[in-house]
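Remarks on the overall topology
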Amino acid sequence: MLTEIVTGPRAWTGATIRPDSWIVPISGPCRDELDRALATLRAHPLPLFLLKPGDFELDACRALMAEVRDRLENGLMFAVLDRLPVEEMSQEEATALYWLLSALLARPVAQKIDGTMIYLVRDTGATMKPGSGIRPTVTNVELVFHNDNSYNETPPHYVGLLCHSQSKEGGTSKVISFYSAHNRLLEEHGNVLPRLYRPFWYDRHREFFAGDPDTHAAPVFANAGDRLTARLALLEIHGGYALRGEAMDREGEAALEAMDAVMRIPGLAIDLQFKPGQIQYVNNRTTGHMRTAFVDGDAPDQKRLLTRLWLRDSGRQSYRG
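Attention in this report is confined to the structure presented alongside it. What you are looking at is a predicted structure, and each value in this text was computed from that prediction instead of being measured.

Cut-offs applied
Residues numbered from 1 in each chain as written. Predicted model: local features only at pLDDT ≥ 70, side-chain atom pairs only at ≥ 80, totals over all residues. Heavy atoms only, no water. Phe/Tyr/Trp six-rings, centres within 6.5 Å; stacked < 30°, edge-to-face > 60°. Helix = DSSP H or I, 4+ residues; strand = E, 2+ residues; numbered from the N terminus. Buried < 20%, exposed > 50% of the residue type's maximum accessible area, 1.4 Å probe, protein only. Lys NZ or Arg CZ within 6 Å of the ring centre and 35° of its normal. 1 Å grid on protein atoms, 1.4 Å probe; cavity = no way out; pocket = protein on both sides within 12 Å on 5 of 7 lines; lining within 4 Å. Points joined across faces, edges and corners; volume = space filled by probe spheres on them. Nonpolar A, V, L, I, M, F, W, Y, C, P; charged D, E, K, R; others polar.

1. Here we look at the packing of aromatic side chains
Under the definition given, this model contains four aromatic pairs. Residues W22 and F78 carry aromatic rings whose centres are separated by 5.8 Å and whose planes lie at 35 degrees to one another, so their mutual orientation is tilted. Within this pair, whereas W22 is found in helix 1 (residues 19–22), its partner F78 is found in strand 2 (residues 78–82), the two being separated by 56 residues in sequence. In terms of burial, W22 and F78 fall into one category: buried. For R10, the ring lying beneath its charged end belongs to Y179, and the centroid distance is 4.8 Å. Stacked on the ring of W201, the Lys or Arg R244 has its end atom at 3.5 Å from the ring centre.

Have a look at this one:
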């Protein structure tokens, strides 16, 4: 267990950083390379999954994404790339450029057991309940702080989100440093913090083969030296215990209540006013993200639509890694 307060860029709070700390402008040379890549794709169309950065001249973009990767590993551990001119291209074309940029960061991997690689985050009108297989990302409800795919053996290392359009109301994106959250837990809830280093049951959202268990056991926190990693998914944890028909132990309940309370401390997280064309990247093992509930409008440009990519260089490219 990490028993010391962590300092430095990775333990940021909303009071210690400003937008210029996390916004990474797409440079002029990189923009020129993307324009040429788009012209090539229009003249010589290919399926998205056949697109490889090495097939295009992307030296400036490669340098830009190396900077993003350094920020994700050694800086604030999240960044917002600003921005693709999505108003000048189709949704498919914007996704293709986003794919190329992201592949310079790390390898795209499957987001579902069936091999789905591209995942649209939008309101489909679905309702989620334990064991349904319906993920909250296809609803319009508030998503509390979490990391993606915490209920899988090998979660993605990075998560990318490209904003195509915003909702009419709500849908504010927020991010939080798990290092800062852990600091507050250590200071204010040290008696229950050790429980977060022991396993909880997670609902696997039906992302498993026939005969496999429908829950996964893992701790919320793990630590290797001074490198903290997290698997936070409160909905999936409560769903996991519901699926198993088990009551959570009292210490576990108290630990999750403390975690939830810390996540709600004003000023610990930041709000991101996610604009069309911006790409949010987070280190998925050290940075939590959430979004507020939202209401779509009738016009297409008032319907919240994001394209998500999961990125991971280790393990297999398949869902389970």
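2. Brief notes about empty space enclosed by the protein
For the structure shown, the criterion picks out two cavities of 30 Å³ or more. Quantified by volume, the largest cavity comes out at close to 210 Å³. Counting only elements with at least two residues in the lining of the largest cavity, the list comes to strand 5 (143–146), helix 6 (234–244) and strand 17 (305–311). Tallying contributions element by element places strand 5 first for the lining of the largest cavity, with four residues. Looking at the lining of the largest cavity, its residues break down into 10 nonpolar, five polar and four charged. Within this model, the second largest cavity holds a volume of roughly 160 Å³. Surrounding the second largest cavity, 16 residues form its lining, L143, L161, H289, R291 and L306 being those nearest its centre. Taken together, the elements giving at least two residues each to the lining of the second largest cavity come down to strand 5, strand 8 (173–177), strand 15 (287–291) and strand 17. For the lining of the second largest cavity, the element with the highest residue contribution is strand 15, accounting for three residues.

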